[in-house]
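Descriptive structure summary
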Amino acid sequence: MTPILEARGLVQQYATGRSLFGKPPSMRAVDGVDLAVREGEILGIVGESGSGKSTLGRMLLGLETPFAGEVRWRGQPMPAPRTDMWRRLRAQMQLIFQDPLAALDRRMTIAAQIAEPLEIHGLMKGAEAAERVAELMARVGLRPDQADRYPHELSGGQRQRVVISRALAMRPKFLVCDEPVSALDVSIQAQVVNLLRDLQEQEGLTMVFISHDLKVVHNICNRVAVMYLGRVVEEGPSGEVFGDPRHPYTRALVSSIPKAGRGLTDRIILQGEPPNPAMRPPGCAFHPRCAIADAACAGEIPELSGHRGRLTACLKQRAIIPATAA
Amino acid sequence: MAFVSIRDLKVSFDGVQVLHGIGLDIGRGEAVGLVGESGCGKSVTWLAALSLLPAKARISGSVRIDGQELIGAPGPEIEKVRGARIAMIFQDPSSSLNPVQRVGKQIMESLRLHRGLKGAMARTEAIRLMNMVGIPSAETRVDLYPHEFSGGQCQRIMIAMALAGQPDLLIADEPTTALDATIQAQILDLLSTIRRETGMAMVFISHDLGAVSAVCDRAAVMYAGKIVESNEITALFAAPRHPYTVGLLDAIPELDVTRARLQPIKGTVPDPKYLPTGCAFAPRCTHATDFCTTDQPELKRQPDSGLLACFHPAGRYKTETLTRREELV
Amino acid sequence: MLNFILSRMARAVMTLVMVMSFAFIVMRLSGDPATILLGPDAPQDAIDAFRARWGLDDPLWKQYLAYIAQIFTFDFGISMRDQMPALDIVLERIPATLAITLPAMILKLGIGIPAGVYAALHRESIADRGVITLSIFGFTIPSFVLALVLVLIFSVQLGWLPSGGQDSWQHAILPIVTLSVGGIGIMARFSRSAMIEVLGQPYIRTAMAKGLSWRDVVWKHALPNASVPIVTLVGFMVGALIAGAAVVESIFSWPGVGRLIVSSVANRDLAVVQCLLLVIASSMVAANLLVDIAYGLLDPRLRSKRSAH
């Protein structure tokens, strides 16, 4: 199956300061990512702050132009920003992010906000649009009487539903969700997670789900890519990656999640500070915090490649004797 | 008698009651978790106990530490308790430190206040504390400002500052929520280690049930300004009795089960201005009866263990939950 | 820190050079000085002689360099009206202006900041409402209206204070009061909101949770943080010490820099106008420099960000 969206060698870097002489210092947020999103799947991107996951998400949507590499949509290169082609494509690709209150206009009613994209693109008007809005609201579980409310009158979970229904108004094919449930309480978070799963299962929406919450990613995503300092270090079906993590970083990440009722058992506590993209270690970026790294790890950047049926970017994977056959 | 005992603590802001009579005992050296969603009053309880709420808050009830009443006590008396007997650390470590003061100076301020240490002695002790909480090369970094540390390190400095007063009780208010997963694990580990070494009691406030079970012996679940259930950690998670506790546990995805659909709690947390007359959870509870919508259940000691405020506790739910989990594993 | 101050000073000099260049361009665009000064009927040889005397025949770039060189030797030319060095005329007026603007400045800070901080610490009290109401009154009333009202009350009706001139210290009272009222209002309002903002920050709660007395929380944690934004406003006020009193000086016939601006512009005394422009710009730039240095001293975050390169 051909991927709906494909990223090849994506790199993004930002200048971190000014310099009177010579090249200004820069920081690589994303450092060479290859990724393929298949039609109808939810691909999770997990990582801690500084891993470049949000930057990657914006590049996948064409909201940010990569420094190097390219994004292909259905086999075609992304059109240049702010062209007609780009606008048409943008309608098919939508972004949902963490803070719904920031994404909504606080002086517009819920119904007006959901109808807005329909009107901007001149698709529907009047009664037809009102009908579509009612349909969208019902789809995400908002009550009809909430149509005339304003964002501040709704709870956080309800606001995120409004954002989702507005994103759905254009019948998109592809959603990028950047930490969409992180600001929500546990009981509400589950409601939104289920809604996103329904959208995938019933309407065949393709999604990239960016989150630092491994539990949520594991629940919602078919496949997952783990990022560390701008590179994908492990990729695979989410059950495999979280059930039997292979990369030392993924192992530490998975074991750092305390389990309700049991807490932290047999945990790997990573030493050292969270990674800083402005000071990337040479070689494998994870080696200063890695328990099994040796001199070779400081000298070579490992590529994401197949080792024992799994995709990992770790020099040690070749040497590791398979764990007890799981 | 318990070291700290809270009785019928009530708080309201502008006529809206947010805390509806909290009763809680903390023993010496004990680690108690306070669990619940935003707005349930878990932080307000301790901010009220230490008079850290804004002046418009109306507080009634009783908070005693070794028999000394804190509610209504004069300012200087409460100041003697803050930091010296009960210390507190907060959710957002980076903005909880004074941005224009060197971190060492902020730690030394507590040392002067509670242990009378000054000058070189205070500085040496501040460095020792920074080392103890795992700040590398503390000798040189004692004179840096908060923005020169990462979020995790700022939380370590907050912990060092709290330890400076050698408190009997540490209130940790969502101390790991703003941190990344691996750093979160480091801080949880640090808190457990310190508690083992100093023997101080701890109240760990969090919405993360996993984090609570990592560091606590016992936990209380709060909903809409009340404690609805409390028990030993193992009992609470293995056999939750209040439908809200059951719902919370079901709503959290776990890493080691297959990807089943989550079971959310329907509806939303009630607006404290318009609380239901009966049990506050009744509108969201699948097993509520008419009785639940008119009468408020009291928090009562249960025959086996723990405290519970529910007319229709789960026993039945428990087995259902377990079967659901078992068939998924 | 030294690095930081040096880079700020270099920038200040650059700003001044730009102001000078701007002044030069405006002067050349506003007409031929020879015809303006000598009149349209002047004989051609007189105009030629004037041009040769002032170097107006040289190419523009040469004139510009000569002009810059002159300024760097503190030679600002001769006033065409009084036949005195322009710089002397301007400097002579500065003490008079400072005699009213400095006391006004002290009043603005001395009354405005404590009032604002007090209001913030006693939020929603009667005192707080009083401070808000008075400060709105203070900065909304135009200074010429206030001046006239004060003259009407204290000079005309009560006869306590003179309405204009510079003969005794009593003459300075009404100008000082007029100048300071608006600034006190702004300062109070600004200090109040800066303080309220700081008091809501998590580190204030940390300081309280530590066991500090409220007094120590305010003095050691709240005020140092609130002073950062307040310093910006103080900087603006320092910058306006020399030039900010034009209206008040005119109303009270106070012979300061402000009145000199008005009269020299009216008389087209170009050398004096040019000199005033430079003196005023220098004072503003110097005030800005002081604000920047103060920022660096008060807020370590800005210090490390700015001196990073």
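Residues numbered from 1 in each chain as written. Chains lettered and ligands numbered in written order. Predicted model: local features only at pLDDT ≥ 70, side-chain atom pairs only at ≥ 80, totals over all residues. Heavy atoms only, no water.

Looking at an unreviewed UniProt entry, one finds chain C named ABC transporter permease, with Paracoccus alkanivorans as its source organism. For the record of chain C, the UniProt heading Subcellular location (unreviewed entry) holds the text "Cell membrane". Among the UniProt annotations of chain C, the heading Sequence similarities (unreviewed entry) holds the following wording: "Belongs to the binding-protein-dependent transport system permease family." (UniProt positions renumbered as here; feature names shortened; annotations may be inferred.)

By the naming in an unreviewed UniProt entry, chain B is Nickel import system ATP-binding protein NikD, taken from Paracoccus alkanivorans. Quoted straight from UniProt, the Catalytic activity (unreviewed entry) entry for chain B says "Ni(2+)(out) + ATP + H2O = Ni(2+)(in) + ADP + phosphate + H(+)".

**Here we look at a negative patch on the surface**
A surface patch of like charges, here negative, comprises D45, D48, D57 and D58 of chain C. Along the chain, D45 of chain C falls in helix 3 (residues 44-54). (Patch = residues over 30% accessible without salt bridge, like charges linked within 9 Å, V, L, I, M, F, W, Y side chains within 5 Å. Areas by Shrake-Rupley, 256 points an atom, 1.4 Å probe, with all protein chains shown as cover. Salt bridge = Lys/Arg side-chain N within 4 Å of Asp/Glu carboxyl O. Lys, Arg positive; Asp, Glu negative; His and termini not counted. Charge placed at Lys NZ, Arg CZ, Asp CG, Glu CD. Helix = DSSP H or I, 4+ residues; strand = E, 2+ residues; numbered from the N terminus.)

**Things to note about empty space enclosed by the protein**
Residue and element names in this part refer to chain A. A full pass over the atoms with the stated rule returns 5 cavities of 30 Å³ or more. In terms of lining residues, the largest cavity is bounded by 15 residues, among which R231, V233, C284, A285 and P302 are the most central. Per-element tally for the lining of the largest cavity: the top contributor is strand 10 (residues 231-237), with 3 residues. Of the residues contributing to the lining of the largest cavity, the split by class is 10 nonpolar, 2 polar and 3 charged. (1 Å grid on protein atoms, 1.4 Å probe; cavity = no way out; pocket = protein on both sides within 12 Å on 5 of 7 lines; lining within 4 Å. Points joined across faces, edges and corners; volume = space filled by probe spheres on them. Nonpolar A, V, L, I, M, F, W, Y, C, P; charged D, E, K, R; others polar.)

**Observations concerning the layout of surface pockets**
For the second largest pocket, the calculated volume is near 1000 Å³. Breaking the lining of the second largest pocket down by element, the ones donating at least two residues are strand 4 (57-65) and helix 2 (75-81) of chain B together with helix 5 (86-121), helix 8 (169-199), helix 9 (202-209) and helix 10 (214-239) of chain C. Ranked by the residues each element gives to the lining of the second largest pocket, the list is headed by helix 9 of chain C, at 4 residues. In terms of residue class, the lining of the second largest pocket is made up of 17 nonpolar, 5 polar and 6 charged.

**Observations regarding the packing of aromatic side chains**
Enumeration over the complete set of coordinates arrives at 9 aromatic pairs over all chains. Note on Y223 of chain B and Y244 of chain B: the rings are 4.5 Å apart at their centroids and 55 degrees apart in plane angle, and the pair reads as tilted. Linking Y223 of chain B in strand 9 (residues 218-223) with Y244 of chain B in helix 11 (residues 243-251), this pair joins segments that are 21 residues apart in sequence. Grouping residues by exposure puts Y223 of chain B and Y244 of chain B together as buried. These aromatic residues form a ring-pair network of at least three members: Y228, Y249 and F286 of chain A. Looking at R90 of chain A, its charged tip hangs above the ring of W86 of chain A, at a distance of 5.8 Å from the centre. Positioned above the aromatic ring of F90 of chain B, the side-chain terminus of R205 of chain C is 4.0 Å from the ring centre. (Phe/Tyr/Trp six-rings, centres within 6.5 Å; stacked < 30°, edge-to-face > 60°. Buried < 20%, exposed > 50% of the residue type's maximum accessible area, 1.4 Å probe, protein only. Lys NZ or Arg CZ within 6 Å of the ring centre and 35° of its normal.)

**Structural notes on the interface of chain A and chain B**
Between chain A and chain B, the residue contacts involve 43 residues of the former and 40 residues of the latter. Buried surface at the junction of chain A and chain B, summed over both partners, amounts to about 3700 Å²; 54% is from carbon and sulfur atoms. The residue D198 of chain A makes a salt bridge to R261 of chain B at a minimum N-O spacing of 2.6 Å. Scanning the region where chain A abuts chain B turns up 13 residue pairs in polar contact (both at pLDDT 80 or more). Put simply, the parts of the chain that give the side of chain A that touches chain B at least two residues each are helix 7 (186-203), helix 8 (214-220), helix 9 (238-243) and helix 10 (248-255) of chain A. Counting residues per element, the side of chain A that touches chain B draws most heavily on helix 7 of chain A, which supplies 9 residues. Here the side of chain A that touches chain B is composed, by residue class, of 19 nonpolar, 14 polar and 10 charged. (Contact = heavy atoms within 4.5 Å. Buried area = accessible area lost by both parts, 1.4 Å probe. Polar contact = N/O pair within 3.5 Å; in protein donor to acceptor, adjacent residues only side chain to side chain.)

**Section: the pattern of salt bridges**
Residues and elements named next belong to chain A. One pass over the structure, following the stated rule, counts 41 salt bridges over all chains. Here R223 and E235 are joined by a salt bridge, their closest N and O atoms 2.8 Å apart. Of this pair, R223 sits in strand 9 (residues 223-228) while E235 is found in strand 10, placing the two residues 12 residues apart along the sequence. For the pair R223 and E235, a shared accessibility class is recorded, and that class is buried. Between K316 and D294 there is a salt bridge, and its shortest N-O distance comes to 2.2 Å. Linking K316 in the segment after strand 12 (310-312) with D294 in the loop between helix 10 and helix 11 (295-299), this pair joins segments that are 22 residues apart in sequence. With a relative accessible area of 19%, K316 lands in the buried category. Three or more residues joined by partner-sharing salt bridges are found here, namely R28, D31, R231, R280 and E303.

**Looking at the UniProt feature "domain: ABC transporter" (unreviewed entry) in chain B**
Residues annotated by UniProt as "domain: ABC transporter" (unreviewed entry) correspond here to residues 4-249 of chain B. Split by type, residues 4-249 of chain B is 41% helix and 26% strand. Its first and last C-alpha atoms lie 29 Å apart.

**Looking at helix 7 of chain A**
Residues and elements named next belong to chain A. The end-to-end C-alpha distance of helix 7 is 26 Å, a good match for the 26 Å that 18 residues give at a rise of 1.5 Å each. Burial within helix 7 is extensive, with 15 of its 18 residues counted as buried. G204 sits one or two positions beyond helix 7 and adopts a positive phi of about 65 degrees. (Expected span 1.5 Å × (residues − 1).)

**With respect to the confidence of the model for chain C**
Residues and elements named next belong to chain C. On average, residues of chain C carry a pLDDT of 83, and 91% of them reach 70 or more. The secondary-structure element of chain C with the lowest mean pLDDT is helix 2 (residues 33-38), recorded at 66, while helix 9 shows the highest, at 94. Of the two predicted TM-score estimates for the complex, the pTM is 0.85 and the ipTM is 0.88. (pLDDT = per-residue confidence, 0-100.)

**A word on the packing of helix 5 of chain C against helix 13 (residues 270-298) of chain C**
Residues and elements named next belong to chain C. Packing of helix 5 against helix 13 brings their axes to within 8 Å, and their N-to-C directions diverge by 55 degrees. Judged by the inter-axis angle, helix 5 sits oblique to helix 13. Regarding helix 5 and helix 13, the two cross each other, and that crossing is right-handed. Facing helix 5, whose interface residues are A86, L87, I89, V90 and I94, helix 13 presents A271, V272, C275, L276 and V279. Its residues placed into classes, the contact of helix 5 with helix 13 shows 10 nonpolar, no polar and no charged. (Axes fitted to C-alpha atoms, helices over the stretch in contact; angles between N-to-C directions. Parallel < 35°, antiparallel > 145°, perpendicular 65-115°, else oblique. Left-handed = near helix turned anticlockwise from the far one by under 90°.)

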